[in-house]
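Residue-level structural notes
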Amino acid sequence: VRLVESGGGLVQAGGSLRLSCAASDATFRLDTMGWYRQAPGKQRELVAGITGPGDRTNYEDFVKGRFTISRDNDVNTMYLQMTNLKPEDTAVYYCNSLWSVSGPVRGTSWGQGTQVTVSS
């Protein structure tokens, strides 16, 4: 399955963005999916995960209460609604399939990601 991330941009602290992850294949709806991010000089880290049907989600502590993961299997797309953004959220955001909503990653390749930059 090919995954394409979009929706990133430059936003001021406290602002919002919605990221999208479009899948090329309808098998997407069977997969537990997640968002990862990688900041400059840091390792890639899991942000949030969601089951295939969308009935269970998981959020890492640093985004709880600010980010919401969702999916629309009718259009093979997953979303990440980000609110109250902080400068430390600056990173390239990626989507990929997961073994569970808390990881680890199952997909063997990564897309180009989408850059999120939060200014103070």
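What comes next is a walk through the structure. For clarity, every value in this text was computed on a predicted model and none was experimentally measured.

The tally for this structure, following the rule as stated, stands at one disulfide. For Cys21, the disulfide goes to Cys95, at an S-S distance of 2.1 Å. In this structure the cystine formed by Cys21 and Cys95 twists about its S-S bond by roughly 75°; its chirality is therefore right-handed. Linking Cys21 in strand 3 (residues 17-23) with Cys95 in strand 9 (residues 91-97), this pair joins segments that are 74 residues apart in sequence. Here Cys21 matches Cys95 in class, with each residue buried.

A full pass over the atoms with the stated rule returns five salt bridges. In this structure, Glu45 and Arg37 form a salt bridge, with 2.9 Å as the shortest nitrogen-oxygen distance. Residue Arg37 is classed as buried on the basis of its relative accessible area of 6%.

With that settled, the discussion passes to the sheet that holds strand 8 (residues 77-82). The sheet built from four strands is open, its strands ordered 1-3-8-7 with antiparallel pairing. Of all strands in the sheet, those bounded by a partner on one side alone are strand 1 (3-6) and strand 7 (67-72). This sheet shows a mean twist of 15° between the axes of neighbouring strands, independent of strand direction. Strand direction decides the pairing type here: strand 3 and strand 8, joined by six bridges, are antiparallel. Directly across from Ser20, in strand 8, lies its bridge partner Tyr79.

It is worth spelling out the nonpolar core at this point. Counting 26 residues, the largest nonpolar core has Trp35, Met78, Leu80, Met82 and Tyr93 as its most contacted members. Counting residues per element, the ones that place at least two in this core are strand 3, strand 4 (33-38), strand 5 (45-50), strand 7, strand 8, strand 9 and strand 10 (114-119). For this core, the leading source of residues is strand 3, giving four residues. Excluding anything up to four places from it in sequence, Met78 contacts Leu19, Ser20, Cys21, Phe28, Met33, Gly34, Trp35, Ile50, Ile69, Ser70, Arg71 and Cys95.

Rules used in this analysis
- Residues numbered from 1 in each chain as written.
- Predicted model: local features only at pLDDT ≥ 70, side-chain atom pairs only at ≥ 80, totals over all residues.
- Heavy atoms only, no water.
- Disulfide = S-S within 2.5 Å.
- Helix = DSSP H or I, 4+ residues; strand = E, 2+ residues; numbered from the N terminus.
- Buried < 20%, exposed > 50% of the residue type's maximum accessible area, 1.4 Å probe, protein only.
- Salt bridge = Lys/Arg side-chain N within 4 Å of Asp/Glu carboxyl O.
- Pairing = 2+ DSSP bridges.
- Axes fitted to C-alpha atoms, helices over the stretch in contact; angles between N-to-C directions.
- Core = buried A, V, L, I, M, F, W, Y, C linked by side-chain atoms within 4.5 Å.
- Contact = heavy atoms within 4.5 Å.

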